[in-house]
Amino acid sequence: MNIDSDRLWRSISALAEVGAYTDEATGLVGVNRLALTDADRDGRRLVKKWFEEAGLDVRVDRIGNVIGRRAGKEDVAPVMSGSHIDSVPTGGAFDGALGVLGALEVVRALNDRGLATRRPIEIGFFTDEEGARFGTDMLGSATAVGRLALDDALALTDRDDLTVGGELERIGFKGDAPERLAPPHAYVEVHIEQGPILAANGRDLGVVTGVQAISWQEVTIVGKSAHAGTTPMSLRRDAGLAAARINLHLMEMIQSGKYGGDMRATMGQIDVAPNRVNIVPSRVVCTVDLRNPYDDLMTKAERDLAAFLEHLAAQMGVEITARQTARTASVEFAGRIVDLLERNMTAADLNHERILSGAGHDAQELASLCPTAMIFVPGLYDGISHNPRELSTQEACANGVSMLYEALVALADEP
Ligand code: HGY
Ligand code: MN
Ligand code: MN
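Given the structure is predicted, the values throughout are model-derived calculations rather than measurements.

J.: Can you tell me about the packing of aromatic side chains, naming the residues and giving the values?
T.: Within the structure shown, the criterion is met by two aromatic pairs. Measuring from centroid to centroid gives 6.0 Å for F51 and F125, while their planes differ by 50°, and the two rings are tilted. You can see F51 sitting in helix α2 (residues 38-53) and its partner F125 sitting in strand β6 (residues 121-125), a full 74 residues away along the chain. Of the residues examined, F51 reaches a relative accessible area of 0% and is grouped as buried.

J.: Any details on the coordination of the manganese ion (ligand 2)? Residues and values, ideally.
T.: Every protein donor of the manganese ion (ligand 2) is accounted for by H84 (NE2), D95 (OD) and H191 (NE2), and the metal-donor separations fall at 2.1 to 2.3 Å. Sequence spacing of the donor residues for the manganese ion (ligand 2), all on one chain, is H-x10-D-x95-H. Distance-wise, the manganese ion (ligand 3) is placed 3.6 Å from the manganese ion (ligand 2), both being coordinated by D95. Residue D95 is located in the loop between β5 (79-83) and α3 (97-113), and its partner H191 is located in strand β7 (residues 186-192); the two are separated by 96 residues in the primary sequence. The same class applies to D95 and to H191, which are both buried.

J.: Which residues make up the coordination of the manganese ion (ligand 3), and what values do they have?
T.: Put simply, the ideal angle at a metal is 109.5 degrees for four donors in tetrahedral geometry and 90 or 180 degrees for six donors in octahedral geometry. Protein coordination of the manganese ion (ligand 3) is provided by D95 (OD), E130 (OE), E130 (OE) and H386 (NE2), with donor distances spanning 2.1 to 2.6 Å. Going along the chain, you hit the donors of the manganese ion (ligand 3) in the pattern D-x34-E-x255-H.

J.: Got a sec to walk through the site of ligand 1? Specific residues and values, please.
T.: Near ligand 1 you find E129, E130, W216, R291, A359, G360 and H386, and these make up its full shell. Between R291 and ligand 1, the recorded distance is 2.8 Å, taken from a side-chain N or O atom to an oxygen atom. For ligand 1, an oxygen atom lies 2.7 Å from a polar atom in the backbone of G360. Bound to the protein, ligand 1 loses 94% of the 220 Å² it would expose on its own. By residue class, the composition of the shell around ligand 1 is two nonpolar, two polar and three charged.

J.: Provide a residue-level description of the layout of surface pockets, including the pertinent values.
T.: The calculated volume of the second largest pocket comes to roughly 250 Å³. The wall of the second largest pocket is formed by 16 residues, among which V29, A93, P388, E390 and L391 lie closest to the centre. Sorting the residues of the lining of the second largest pocket by element identifies α1 (5-16) and β2 (29-31) as the ones contributing at least two each. For the lining of the second largest pocket, the element with the highest residue contribution is β2, accounting for three residues. The class makeup of the residues in the lining of the second largest pocket is 10 nonpolar, three polar and three charged.

J.: Account for the pairing of strand β4 (residues 66-70), with residues named and values stated.
T.: With four of five residues buried, β4 is to be regarded as a mostly interior element. Here strand β3 (residues 57-60) pairs with β4 via four bridges, running antiparallel. Looking at β4, one finds that D57 is bridged to R69. The turn joining β3 and β4, which pair antiparallel and follow one another in sequence, is formed by five residues; a positive phi near 85° is taken by G64.

J.: Residue-level account of the nonpolar core, with values.
T.: The biggest cluster of nonpolar side chains holds 89 residues, and the ones touching the most others in it are V47, F51, F333 and I375. Per-element accounting of this core gives the leading share, 12 residues, to helix α12 (residues 394-412). Sequence-distant contacts of V47, defined by excluding residues within four places in its chain, comprise L15, I85, V100, L101 and F125. Core analysis: the next-biggest nonpolar cluster, separate from the first, contains 27 residues, I221, Y259, A265 and A313 among them.

J.: Which residues make up a nonpolar patch on the surface, and what are the values?
T.: A cluster of nonpolar side chains, contributed by L380, Y381 and I384, occupies part of the molecular surface with about 250 Å² of accessible area. Within the secondary structure, L380 is located in the loop between β18 (372-377) and α12. Assessed through its relative accessible area of 34%, L380 is described here as partly exposed.

J.: So what's going on with the side chain of H84? Which residues, and what values?
T.: Looking at where H84 falls in the secondary structure, it is placed in the loop between β5 and α3. A distance of 2.8 Å separates a polar atom in the side chain of H84 from the backbone oxygen of D86. Only 3.3 Å separates the side chain of H84 from the side chain of E129, close enough to count as a polar contact. Look past the residues within four positions of H84 in its chain and what remains in contact with it is D95, G96, A97, V100, F125, F126, E129, E130, H191 and D362.

J.: Which residues make up the pattern of salt bridges, and what values go with them?
T.: Per the counting criterion, the structure on display carries 26 salt bridges. The salt bridge partner of D42 is R41, with a shortest N-O separation of 2.9 Å. We note a salt bridge from R323 to E218, for which the minimum N-O separation is 3.3 Å. Of this pair, R323 sits in strand β15 (residues 319-328) while E218 sits in strand β9 (residues 213-222), and the two are 105 residues apart along the sequence.

Calculation criteria
- Residues numbered from 1 in each chain as written.
- Chains lettered and ligands numbered in written order.
- Predicted model: local features only at pLDDT ≥ 70, side-chain atom pairs only at ≥ 80, totals over all residues.
- Heavy atoms only, no water.
- Phe/Tyr/Trp six-rings, centres within 6.5 Å; stacked < 30°, edge-to-face > 60°.
- Helix = DSSP H or I, 4+ residues; strand = E, 2+ residues; numbered from the N terminus.
- Buried < 20%, exposed > 50% of the residue type's maximum accessible area, 1.4 Å probe, protein only.
- Donors = N, O, S within 2.8 Å, 3.2 Å for Na, K, Ca; no water.
- Near = heavy atom within 4 Å.
- Polar contact = N/O pair within 3.5 Å; in protein donor to acceptor, adjacent residues only side chain to side chain.
- Areas by Shrake-Rupley, 256 points an atom, 1.4 Å probe, with all protein chains shown as cover.
- Nonpolar A, V, L, I, M, F, W, Y, C, P; charged D, E, K, R; others polar.
- 1 Å grid on protein atoms, 1.4 Å probe; cavity = no way out; pocket = protein on both sides within 12 Å on 5 of 7 lines; lining within 4 Å.
- Points joined across faces, edges and corners; volume = space filled by probe spheres on them.
- Pairing = 2+ DSSP bridges.
- Core = buried A, V, L, I, M, F, W, Y, C linked by side-chain atoms within 4.5 Å.
- Contact = heavy atoms within 4.5 Å.
- Patch = residues over 30% accessible without salt bridge, like charges linked within 9 Å, V, L, I, M, F, W, Y side chains within 5 Å.
- Salt bridge = Lys/Arg side-chain N within 4 Å of Asp/Glu carboxyl O.

Geometric descriptors of this kind do not, in isolation, establish any biological role.
Listed below in structure tokens is the structure:
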């Protein structure tokens, strides 16, 4: 095999210890490296050290992305790979980490062989891909490609009103390298699938053709706190009930089929105030995460939801405001990179299929700069992710990273 499977697995296991926690419900050990926390800082330090030990010229940019450069024979546009090492609070060892450590393993394998490539190879991890703390996903990579303005990104705040800029400063990763990337020659990312398809179809790997549209909204509902015992139902302005009706309406929208058969909706965050047993809730801040492979159906769903919120506010006598916190259209990856990955997997006798990504990834941002595609590695337990049960096998990860090696080396020798 062109990479060292044991070394890859050791790196994945070592990084998984940073931010490790025992999940109360299951007793499983998961990963909590929420963006720009001390755990993320420790993970960043570890991986940056590994980058330096691999002889890379490492830079930290102004949004905290960390990129390592392996010089090529010629100083031309690099081939790039990477992902993220921040996690959701209930994460696993593979989401993001596999892409960063897989890219590092490719560099380490090239170093073992003393193999020089025509083009430089750059590998890295992008800041706050998850968006679970500061509210918008792919923060670092979106800033690197210019979809988000640096100052807006630095000013984003978490629930405690701490800013991205302040937290980058605090953990020592507010770099001064320019964050805007010059277009790489190509970008390839390996990632765990985070879904059930590849394992169900008995595939070794997936060739990712693109990413579905993503829409995140923060919905604020303002009603009136009142006594739970004395206040007649007809006099209530119950923000908690309004949130429940919105959540139910999301399910009814899905079941209507009007937005296609693949739309997904999630109310992942529900903060209720005053949050006491005998007080009618006066205020709820909740989130709506919509996903749809089709942009037109996503736009239709957003529009219909906005109309429902207006109707519900009038009907229940509450105020409802919605703030868009993330919005990316569907992205189609480059056919020539998809074809290259498929050819390599066929040559390696690895059973594969084309797959659309249900999750967002840094690759979808890089796709606006250069020819881009992804390799998916199947997960176990229906590919569960954003859950400490997230798991893949050493063999599957090695297969994915081996195909990453083939792709990066081929692309790095292109004229
Ligand atoms: O939400 C997503 O799709 C990704 O995990 N950030
Ligand atoms: Mn990820
Ligand atoms: Mn994730």
